[in-house]
Amino acid sequence: MNQYEGAYHILGMVVLIYAVIFLFGQYQKSSYLKSLMHITYSRFGKEETDVKLSEDVLKEIYEENPSDVDDITFKDLEFYRLYKKLNHTDSIMGSQALYNMLRNQHYTIKEQEVLRNKIVELEEKADLTKEIKFEFAKVGFFKKSLTNLLKNGIDYEKFKNLKLPTRIMRFGIVFVALAVLVDKMFAVMVLFLVLLANFYIYRELNKATAGSILDIVNLRSIFNLGIQIGKYKIDSLSEEIAEINELNSRLKRIQKKSKGIRYFKTFDESEGIRKIFDLLFLNEANKFYSIADEINKSREDLLKLYEKLGYINALTSIVSYKIAKNLNFVEFVEEDFILEAESLRHPLLGEEQVSQDFDFSNKDILITGSNASGKSTFLRNLGINVILANSLGLTHSKRLKTSFFKVESAIDISDSLEEKMSYFMAETKAIKRMIESFEIKKLLILDEIFKGTNTIDRISAAYNTLSYIAKSATVVAATHDIELTELLKEYTNYHFEEQIEDEDIRFDYKLKIGRAESRNAIAILNLMGYPREIIDGSYKLASYLEDKKNI
């Protein structure tokens, strides 16, 4: 009888300690959620997320198709840098979905209207949108991506040899109970051995599964999120929410089996006793075996749920960014080659930047100007805003009226040592893709075309290439070759200019009609303190070459 009383006392102490720690853990959780809610709400419409994700992670569920923004254009226009400013998401699936949305282009009025209705409703119901963002924030950014699990499932062969020991050691508490009947000290020793053996199984299982247990723990949070999002009533998102609820229904079996699984890694104050119980019964390990097959059977539905939830978080991010930057909706037209803007602004430049007004409708544009006058910046500004128009329906301008264009650029081309490709070869490859036809009219943006070769070949090739591609696309090209402004009669000339005063160069960065009439390269050498012999010689030779029309 004394032996039984001792066992009851030990059990009572364990339960009491567990209860105290559980309550303390709940208090900590409550405090954390209050803090998280405050941060999520206060950042809405103001700040991007402070979690930095590599582009490799963002691209894990992205599958490029011909209508998307291609890699050259994405790099040229610094879209990954822009993405980090635009990213107001609260979860990894939201960040990946936003990346997809940014690269995916919508080329019909109907698609744009559907997207606009969603943005408008979420903006009008800002309090509801904050609630939704908070639900995603509770899931947050996993340290380990789930996409490998969602795409490829769990490789059961890697850990099948641990299945039998796991099944046997789940009854470790029975061994301890029997030992109590023999001797208290013997029971303590058996308990220690059971925990040690089960710890070993957990450790080996974690190694064998390469984090799959952690994946399932994270997957469970996705299930909980899906249930919460499925409760919201949002008219413009009714189709997405209905599909989420349908997926929730189909995945109920996995949801149930995933409950209680935790990743055994380290002990802490709030989880220590709970993890001891998990070790004693091997609950998580046994549940892992039973859920592995279910996950493999349901990969397609799991990935759909992940992507649908991510899409909703991406939409809340777009609304937050729109409010933060005071963006406007784009005016799309069905006619070809319409492109006009009022106060167009570059999203990566500050508030003091010079905005641009222009009407390029039914025109091909050739932009000239001296070094550092703003040509390349304008090209990027134009490309970014047209792509944002297609992907999000929004613009950094007072007004943007445009046809649907597939944007392709050749701005920041670089040579490739890995592919043993020279700068000129890389440039010709980039421009070659522009010549290829596409079902949507193209907006082609080029900076210093064929600058990787000699002057005569450059001007000759540039003239014929720009003439050719202008037959089926809208072309906006910048060049230092003034000769092209005389040769390309079908192009409309614009320019940027500068003023040299008091041994200083001042730029107004404003796009103006007509071709550039000034050059500043030699003047910059002079301002940089180059020897007088170089400066005087450069001016003399430049004057000679102009007179002789050699260049």
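Everything numeric in this text was worked out from a predicted model, so none of it was measured.

Focus: the overall build of the chain
Thought 1: What the chain contains, in helices and strands, is 23 helices and 14 strands.
Thought 2: In summary, the chain has a C-alpha radius of gyration of 32 Å against a globular reference of 24 Å for 551 residues, an excess of more than 25%.
Thought 3: Structurally, the chain occupies a C-alpha span of about 115 × 55 × 45 Å along its principal axes.
Thought 4: Intrachain contacts of the chain at a sequence separation of at least 6 include 77% that bridge at least 24 residues.
Thought 5: About 28,100 Å² of surface is accessible on the chain, with carbon and sulfur atoms providing 54% of the total.
Thought 6: Charge separation in the chain, taken as the distance between the mean sites of 76 positive and 81 negative side-chain charges, equals 7 Å.

Regarding the nonpolar core
Thought 1: By size, the foremost hydrophobic cluster in this structure holds 115 residues, and its most contacted members are Phe360 and Ile367.
Thought 2: The biggest single contributor to this core is helix α17 (residues 299-325), with 11 residues.
Thought 3: Per-domain counts for this core show at least three residues from each of domain 1 (44-325) and domain 2 (329-517).
Thought 4: For Ile367, the contacting residues outside a window of four places in its chain are Lys375, Phe378, Leu379, Val476, Ala477, Ala478, Thr479, Tyr494, His495, Phe496 and Leu511.

Re the packing of aromatic side chains
Thought 1: Taken as a whole, this structure holds 13 aromatic pairs when the rule is applied.
Thought 2: An angle of 25° between the planes, with centres 4.3 Å apart, marks the rings of Phe358 and Phe360 as stacked. Like Phe360, Phe358 is buried.
Thought 3: Aromatic pair Phe360 and Phe378: ring centres 6.1 Å apart, planes at 80°, arrangement edge-to-face. Taken together, the positions of Phe360 in the loop between β4 (356-359) and β5 (365-369) and Phe378 in helix α18 (residues 375-392) put the pair 18 residues apart, joining distant regions of the chain. The burial state of Phe360 is the same as that of Phe378; both residues are buried.
Thought 4: One aromatic cluster is present, formed by Tyr62, Phe74, Phe79, Tyr83 and Tyr99 through successive ring pairs.
Thought 5: The side chain of Lys406 reaches across the aromatic face of Phe438, ending 5.1 Å from its centre.

Notes on the domain arrangement of the chain
Thought 1: Split by domain assignment, the chain resolves into domain 1 (44-325), domain 2 (329-517) and domain 3 (519-550).
Thought 2: In this assembly, eight residues from domain 2 lie in contact with six residues from domain 3.
Thought 3: Ranking the residues of domain 2 by area buried against domain 3 places Asn371, Ile500 and Ile505 at the top, with a combined share of 56%.
Thought 4: Across the domain 2-domain 3 interface, the total number found is zero salt bridges.
Thought 5: Across the contact surface, domain 2 and domain 3 share zero residue pairs in polar contact (both at pLDDT 80 or more).
Thought 6: Elements represented by at least two residues in the side of domain 2 that touches domain 3 include exactly β12 (498-501) and β13 (504-507).
Thought 7: In terms of residue count, the dominant contributor to the side of domain 2 that touches domain 3 is β13 (three residues).

Observations regarding the pattern of salt bridges
Thought 1: Going through the model one piece at a time under the given rule, you end up with 29 salt bridges.
Thought 2: Note that Glu294 and Arg253 form a salt bridge whose closest N and O atoms lie 2.7 Å from each other. Pair noted here: Glu294 is in helix α16 (residues 283-297) and Arg253 is in helix α14 (residues 252-258), with a separation of 41 residues, a long-range link.
Thought 3: Notably, a salt bridge pairs Glu294 with Lys257, separated by 3.9 Å at the nearest N-O pair. Taken as a pair, Glu294 in helix α16 and Lys257 in helix α14 lie far apart in primary sequence, 37 residues in all.

Some remarks on a positive patch on the surface
Thought 1: On the surface, Lys52, Lys84, Lys85 and Lys325 cluster together into a positively charged patch.
Thought 2: When its relative accessible area of 34% is taken as the criterion, Lys84 is described as partly exposed.

Description of the packing of helix α7 (residues 126-139) against α17
Thought 1: The N-to-C vectors of α7 and α17 enclose an angle of 130°; their axes lie 10 Å apart at closest approach. By the criterion of interaxial angle, the relationship of α7 to α17 is oblique. Two packed elements cross with a definite hand, and for α7 against α17 that hand is left-handed. Of the residues in α17, those touching α7 at Thr129, Ile132, Lys133 and Phe136 are Leu309, Ile312, Asn313 and Thr316.

Structural notes on the pairing of strand β10 (residues 473-478)
Thought 1: Of all six residues in β10, six are buried, a share of seventy percent or more.
Thought 2: Side chains Ala473, Val475 and Ala477 of β10 all project onto a buried face; the interleaved residues Thr474, Val476 and Ala478 project onto the opposite face, where all are buried too.
Thought 3: Relative to β10, β5 is paired through three bridges, and the arrangement is parallel. Across the sheet, the residue bridging to Ile365 is Val476, located in β10.
Thought 4: Summarising the sheet, strand β9 (residues 442-447) and β10 pair through six bridges and their orientation is parallel. Looking at β10, one finds that Asp447 is bridged to Ala478.
Thought 5: The parallel pair β9 and β10 is bridged by helix α20 (residues 455-469), and the resulting crossover is right-handed.

What to know about the sheet that holds β4
Thought 1: Read across the sheet, four strands follow the order β2-β7-β3-β4 without closing on themselves; strand pairing throughout is mixed. Among the strands making up the open sheet, the edge pair consists of β2 (331-332) and β4.
Thought 2: Summarising the sheet, β2 and strand β7 (residues 399-402) pair through two bridges and their orientation is parallel. The partner of Glu331 across the bridge, within β7, is Lys401.
Thought 3: Sheet contacts for α18: β2, β3 (339-344), β4 and β7; angle to β3, the most-contacted strand, approximately 110°.

The rules behind each value
- Residues numbered from 1 in each chain as written.
- Predicted model: local features only at pLDDT ≥ 70, side-chain atom pairs only at ≥ 80, totals over all residues.
- Heavy atoms only, no water.
- Helix = DSSP H or I, 4+ residues; strand = E, 2+ residues; numbered from the N terminus.
- Rg over C-alpha atoms; globule rule 2.2 N^0.38 Å.
- Contact = heavy atoms within 4.5 Å.
- Areas by Shrake-Rupley, 256 points an atom, 1.4 Å probe, with all protein chains shown as cover.
- Lys, Arg positive; Asp, Glu negative; His and termini not counted.
- Charge placed at Lys NZ, Arg CZ, Asp CG, Glu CD.
- Core = buried A, V, L, I, M, F, W, Y, C linked by side-chain atoms within 4.5 Å.
- Buried < 20%, exposed > 50% of the residue type's maximum accessible area, 1.4 Å probe, protein only.
- Domains from an automatic or database assignment.
- Phe/Tyr/Trp six-rings, centres within 6.5 Å; stacked < 30°, edge-to-face > 60°.
- Lys NZ or Arg CZ within 6 Å of the ring centre and 35° of its normal.
- Buried area = accessible area lost by both parts, 1.4 Å probe.
- Salt bridge = Lys/Arg side-chain N within 4 Å of Asp/Glu carboxyl O.
- Polar contact = N/O pair within 3.5 Å; in protein donor to acceptor, adjacent residues only side chain to side chain.
- Patch = residues over 30% accessible without salt bridge, like charges linked within 9 Å, V, L, I, M, F, W, Y side chains within 5 Å.
- Axes fitted to C-alpha atoms, helices over the stretch in contact; angles between N-to-C directions.
- Parallel < 35°, antiparallel > 145°, perpendicular 65-115°, else oblique.
- Left-handed = near helix turned anticlockwise from the far one by under 90°.
- Pairing = 2+ DSSP bridges.
- Right-handed = clockwise from strand over helix to strand, strands pointing away.

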